[in-house]
Amino acid sequence: QVQLVESGGGLVQAGGSLRLSCAASGRTFSNYAMGWFRQSPGKEREFVASISSNSRIIYYTDSVKGRFTISRDNAKNTVYLQMNSLKPEDTAVYYCATDNRGDYSVPNYWKSWGQGTQVTVSS
C-alpha cells in the first residue's frame, strides 16, 4: 500500500509563493502518475495539476496556468507543486494523489491520497 505525505503549506500574502511537496512510500513511485487537488470549505474537491510517470504529459486547470508548476523527482519519490502569484481564491487544503485509472481531473479515478496540507492566502 502506498502512503503519501504532503508538506509545505502555510500562510502567505497575496502575490507570494509556496512550494508544496508530496513524498511517497510503500510502492514503486516512478511507475505512477501523480496529481494535485484542492478543496475549500463547502466546495467539491478540485483538480489542480497532474504529471505522468516520465514527466512528459502535464495538465493544469485553467485558473492556475502560468502561476503553478508541477514537477517530480522519481529518484526522491517526490512530486512538487510550485505556486507563484498566489491569490486569496487559492486558499484550500491541497492533496496529492496517485494510481490513476481514468480521467486525471476526476477525483474518483485516483486510488491513493495524502491527508492534505493547508494553504492560506491573505488579501
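Refer to the preceding data block for the structure.
Below is a short write-up of the structure. (Residues numbered from 1 in each chain as written. Predicted model: local features only at pLDDT ≥ 70, side-chain atom pairs only at ≥ 80, totals over all residues. Heavy atoms only, no water.)

**A few points about unusual backbone geometry**
Positive phi is not limited to glycine here, since Ser55 has a value of about 70°. Structurally, the position occupied by Ser55 is in the loop between β5 (46-51) and β6 (58-60). According to the relative accessible area criterion, Ser55 is partly exposed, its value standing at 31%. A positive phi angle is found at Asp99, which is not glycine, with a value near 65°. Tracing the backbone through its elements, the reader meets Asp99 in strand β9 (residues 92-100). (Helix = DSSP H or I, 4+ residues; strand = E, 2+ residues; numbered from the N terminus. Buried < 20%, exposed > 50% of the residue type's maximum accessible area, 1.4 Å probe, protein only.)

**Observations regarding the packing of aromatic side chains**
Scanning the model with the defined rule gives five aromatic pairs in all. Centre to centre, the rings of Phe37 and Trp110 are 6.1 Å apart; their planes meet at 75°, and the pair counts as edge-to-face. Of this pair, Phe37 sits in strand β4 (residues 34-39) while Trp110 sits in strand β10 (residues 110-113); the two residues are 73 residues apart in sequence, bridging distant segments of the chain. Each of the two residues, Phe37 as well as Trp110, counts as buried. Taken together through their ring pairs, the aromatic side chains of Phe37, Phe47, Tyr59, Tyr104, Trp110 and Trp113 make up a single cluster. For Arg45, the ring lying beneath its charged end belongs to Tyr95, and the centroid distance is 3.8 Å. (Phe/Tyr/Trp six-rings, centres within 6.5 Å; stacked < 30°, edge-to-face > 60°. Lys NZ or Arg CZ within 6 Å of the ring centre and 35° of its normal.)

**Observations regarding the sheet that holds strand β7 (residues 68-73)**
Pairing is antiparallel across the open sheet formed by four strands, whose spatial order is β1-β3-β8-β7. Every interior strand has two partners, whereas the edge strands, β1 (3-7) and β7, have only one. Strand-to-strand twist across the sheet, computed as the mean angle between neighbouring axes with direction ignored, equals 15°. Bridge count for strand β3 (residues 18-25) against strand β8 (residues 78-83) is six bridges, and the pairing is antiparallel. The partner of Ser21 across the bridge, within β8, is Tyr80. (Pairing = 2+ DSSP bridges. Axes fitted to C-alpha atoms, helices over the stretch in contact; angles between N-to-C directions.)

**A word on the environment of Val64**
Assignment of secondary structure puts Val64 in the loop between β6 and β7. Each residue touching Val64, except ones within four places of it in the same chain, is listed here: Arg38 and Val48. (Contact = heavy atoms within 4.5 Å.)

**Overview of the pattern of salt bridges**
The full count for this structure, using the stated rule, is five salt bridges. Between Arg67 and Asp90 there is a salt bridge whose closest N-O contact spans 2.8 Å. Residue Arg67 is found in the loop between β6 and β7, and its partner Asp90 is found in the loop between β8 and β9; the two are separated by 23 residues along the sequence. Like Arg67, the residue Asp90 is buried in the burial classification. Salt bridges sharing common partners tie together Arg38, Glu46, Arg67 and Asp90. (Salt bridge = Lys/Arg side-chain N within 4 Å of Asp/Glu carboxyl O.)

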